[in-house]
Protein chains: 2
Amino acid sequence: MSTLVLGTVALDTVKTPHGRRKQMLGGSAAHFSMAARLFTRVNLVAIIGDDFPPQHIDFLRRKGIILDSLTKGNGKTFQWEGEYRGDLNTALTLDTRLGVLSEFNPIISQKQSRIKNIFLANVDPDVQRHLLKQMQSPALVGLDSMNYWINHKRNALLRLLKKVNIYVANEQEARSLSGEANLLKAAKYLKNCGPRMVLIKKGEHGVLFVSDKFIFAIPAYPVERVIDPTGAGDTFAGGFMGYLAKTGRINEYRLKRAILYGTIAASFNVEGFGLDRTGSLKMKDIENRIDKFRKYVLF
Amino acid sequence: MSTLVLGTVALDTVKTPHGRRKQMLGGSAAHFSMAARLFTRVNLVAIIGDDFPPQHIDFLRRKGIILDSLTKGNGKTFQWEGEYRGDLNTALTLDTRLGVLSEFNPIISQKQSRIKNIFLANVDPDVQRHLLKQMQSPALVGLDSMNYWINHKRNALLRLLKKVNIYVANEQEARSLSGEANLLKAAKYLKNCGPRMVLIKKGEHGVLFVSDKFIFAIPAYPVERVIDPTGAGDTFAGGFMGYLAKTGRINEYRLKRAILYGTIAASFNVEGFGLDRTGSLKMKDIENRIDKFRKYVLF
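Residues numbered from 1 in each chain as written. Chains lettered and ligands numbered in written order. Predicted model: local features only at pLDDT ≥ 70, side-chain atom pairs only at ≥ 80, totals over all residues. Heavy atoms only, no water.

A. Just the overall build of chain A, in detail. When you go through chain A residue by residue, the secondary structure sums to ten helices and 13 strands. Summarising its shape, the C-alpha atoms of chain A cover approximately 55 × 40 × 35 Å along the three principal directions. For chain A, with 299 residues in total, the buried portion stands at 62%. Surface exposure of chain A reaches about 11,900 Å², of which carbon and sulfur atoms provide 47%. Between the mean site of the 44 positive side-chain charges and the mean site of the 27 negative ones, chain A shows a separation of 7 Å. (Helix = DSSP H or I, 4+ residues; strand = E, 2+ residues; numbered from the N terminus. Buried < 20%, exposed > 50% of the residue type's maximum accessible area, 1.4 Å probe, protein only. Areas by Shrake-Rupley, 256 points an atom, 1.4 Å probe, with all protein chains shown as cover. Lys, Arg positive; Asp, Glu negative; His and termini not counted. Charge placed at Lys NZ, Arg CZ, Asp CG, Glu CD.)

This is the structure we're talking about:
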């Protein structure tokens, strides 16, 4: 089954204790796609500038990502520059240049509007809602956001929460939007805002999932050499949503499996700069690591 | 099998979003004992002052804790005052009054010196070493410490690490003592300092265990109403060491079970002030919660 992801395609400049890389291919939709492609046909909806390197387009196309709705705007591609220090859990944003992202108005094809699995990765909630309105029969809609929108477009985000099935947030976002310090309370609060399911990403500490039917928590796969955590959350979402699109069914067993696939996909993402590691990832790599992970976490 | 725990018996004054309690029975050895007593005969080695309320002694005795080496010094009982805000993960220490703790020189009986399972809960590393020297044939020695000793008696602590089998540390302590931000690297570094096993307690995020033979991670039991986290780490250690003392054998299966029991014991501790919840805890409560926990974490 196909999946449609709305988000950013960016040029990322990242500094970590392992080095600095300039203007790598990045962005929420790119990271999501690189994991989701292993499970499902990914339709990427994003905007790039007229400065966007053609080899990045070739790369995405070679990876099987459908780029029919990757629009080229007049101006510069969205750029993000960040640095990680210490425990690498939190990025310090050094510079953000929206460029063409400030005029992003996603338009999709008739065919794409019939896709049932949709992920609204981090962009302006108004843009997310605009895209969602074009979908004819959404069956599973996932939503991600970020602190900037929680602070600046809180009401738009809360309205959007009523329209989605699963809200994916990191710890800080979940606490900030809910006003609850306890993560279980935060997840329950957010679930009451609309989505049937809430998934809180805790970085190196794993994931907490809360639905009406069950609660589930797993640790992250322990990675010793974290090179660049940028996009780990989007990669998680890509593995999670990708698996659900592939299996086509949602129940407790499938959701737990989806969280497992997302967790493992994210563990590869942090082992390289940008898309270095996930770009070459094979399903077999994921399956092998799942076997190892079982020993880490099962008792 | 018996277990001997060295640590503090304190009068704790704690403020959390759920209220404030003055001069409750607390301390590392008291919290440890309250969980360990469900599995093993606990010999408590600590010092109290001449102001120590007799009802606390009665309480410990009623819980089956052996108090032969609970010494009464001339002066005040060790007092700690702390406050938790926000996510309740970190205590803000408002006041520490060592009292008789500053003259603590633990002496145990001949009979106690033959106990094989020993836990050196948080006190001065020199006091911990002094106690350990009195043990005739230690089989399993666990060690806990705190940032104060890492900063002020680093060398004494590092020497002690060579003499113990398992080092139990929280995230900050593990990072601080190892100089490694990555927890897996930190655990491996600390393992190279001497102990065969390292256990990193991550509060609401669970536990990471590293030995030569395997790595294991589990989340904490999700608790919605955290009343007072004081002593959760010691309660974890009590469940963990208590189970190992009871089973008498150490292998991968037993260690994972021990971590599970510690995790569940700690989840009860945070649900009440001081020893409110663990003081009345029954083995059946733990077993029931383990059944629920399985659903939370197994896939």
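B. Expanded view of the sheet that holds strand S12 (residues 207-211) of chain B. Residue and element names in this part refer to chain B. One open sheet holds the nine strands; their spatial order is S5-S4-S1-S8-S9-S10-S11-S12-S13, and the pairing between them is mixed. What marks the edges here is a single partner per strand, and that holds for strand S5 (66-72) and strand S13 (215-218). Strand-to-strand, the axes of this sheet are offset by a mean angle of 15°, without reference to chain direction. With five bridges joining them, strand S4 (residues 41-48) and S5 adopt parallel strand pairing. (Pairing = 2+ DSSP bridges. Axes fitted to C-alpha atoms, helices over the stretch in contact; angles between N-to-C directions.)

C. Fine view of the interface of chain A and chain B. Between chain A and chain B, the contact holds 32 residues from the first and 32 residues from the second. Of all residues in chain A, His205, Glu224 and Phe299 of chain A give up the largest surface area on contact with chain B, accounting jointly for 26% of the area buried on that side. One can count four salt bridges joining chain A with chain B. Residue Glu224 of chain A is joined to Lys188 of chain B by a salt bridge in which the shortest nitrogen-to-oxygen separation is 2.7 Å. Connecting chain A to chain B are 18 residue pairs in polar contact (both at pLDDT 80 or more). Broken down by secondary-structure element, the contributors of at least two residues to the side of chain A that touches chain B are helix H6 (171-178), helix H7 (183-192), strand S13 (215-218), helix H9 (252-269) and helix H10 (283-297) of chain A. Top element by residues in the side of chain A that touches chain B is H10 of chain A. It accounts for five residues. Broken down by class, the residue content of the side of chain A that touches chain B amounts to 17 nonpolar, four polar and eleven charged. (Contact = heavy atoms within 4.5 Å. Buried area = accessible area lost by both parts, 1.4 Å probe. Salt bridge = Lys/Arg side-chain N within 4 Å of Asp/Glu carboxyl O. Polar contact = N/O pair within 3.5 Å; in protein donor to acceptor, adjacent residues only side chain to side chain. Nonpolar A, V, L, I, M, F, W, Y, C, P; charged D, E, K, R; others polar.)

D. Examining the relation of the copies chain A and chain B more closely. Rotating chain A by 180° about the axis while translating it 0.0 Å along that axis superimposes it on chain B, leaving an RMSD of 0.0 Å. The relationship between the two copies is best expressed as a two-fold rotation axis. With an isologous cut-off of 70% or more, the 100% of interface residues of chain A that recur at the interface of chain B puts this contact in the isologous class. (Least-squares fit on C-alpha atoms with pLDDT ≥ 70 in both.)

E. Expanded view of unusual backbone geometry. All names here are of chain A. For Gln23, which is not a glycine, the phi torsion comes out positive at approximately 50°. Assignment of secondary structure puts Gln23 in strand S3 (residues 19-26). Owing to a relative accessible area of 36%, Gln23 belongs among the partly exposed residues under this scheme.

F. Region of interest: the side chain of Asn165 of chain A. Residues and elements named next belong to chain A. Here Asn165 lies in the loop between helix H5 (154-161) and strand S10 (166-170). With relative accessibility at 15%, the residue Asn165 sits in the buried group. Residues in contact with Asn165, not counting those within four places in the same chain, are Ala139, Leu140, Val141, Pro195, Arg196 and Met197.

G. Representation of the packing of helix H9 (residues 252-269) of chain B against helix H10 (residues 283-297) of chain B in the model. All names here are of chain B. Close contact between H9 and H10 brings their axes to 10 Å; oriented N to C, the two are set at 105°. Taken as axis vectors, H9 and H10 run roughly perpendicular relative to one another. Facing H9, whose interface residues are Arg257, Leu260, Tyr261, Thr263, Ile264, Ala265, Ser267 and Phe268, H10 presents Met283, Asp285, Ile286, Glu287, Arg289, Ile290, Phe293 and Arg294. Each residue belonging to the contact of H9 with H10 can be placed in one class, and the counts come to nine nonpolar, two polar and five charged. (Parallel < 35°, antiparallel > 145°, perpendicular 65-115°, else oblique.)

H. Inspection of the pattern of salt bridges at higher detail. In this structure the tally under the stated criterion is 30 salt bridges over all chains. The salt bridge partner of Asp212 of chain A is Lys191 of chain A, with a shortest N-O separation of 2.7 Å. Of this pair, Asp212 of chain A sits in the loop between strand S12 (207-211) and S13 while Lys191 of chain A sits in helix H7, and the two are 21 residues apart along the sequence. Put simply, Lys153 of chain B and Asp126 of chain B hold a salt bridge, and the shortest N to O gap is 2.6 Å. With Lys153 of chain B in the loop between helix H4 (147-152) and helix H5 (154-161) and Asp126 of chain B in helix H3 (residues 125-134), this residue pair connects regions lying 27 residues apart in the sequence. Overlapping salt bridges bring together Asp124, Asp126, Arg129 and Lys153 of chain A as one network.

I. Here's a closer look at the side chain of Thr3 of chain A. All names here are of chain A. Tracing the sequence through the fold places Thr3 in strand S1 (residues 2-6). At 3.1 Å, the side chain of Thr3 forms a polar contact with the side chain of Thr40. If we skip the residues at most four places from it in the chain, Thr3 touches Phe32, Thr40, Arg41, Val42, Asn43, Ile115, Asn117 and Ala245.

Geometry only, nothing functional implied.
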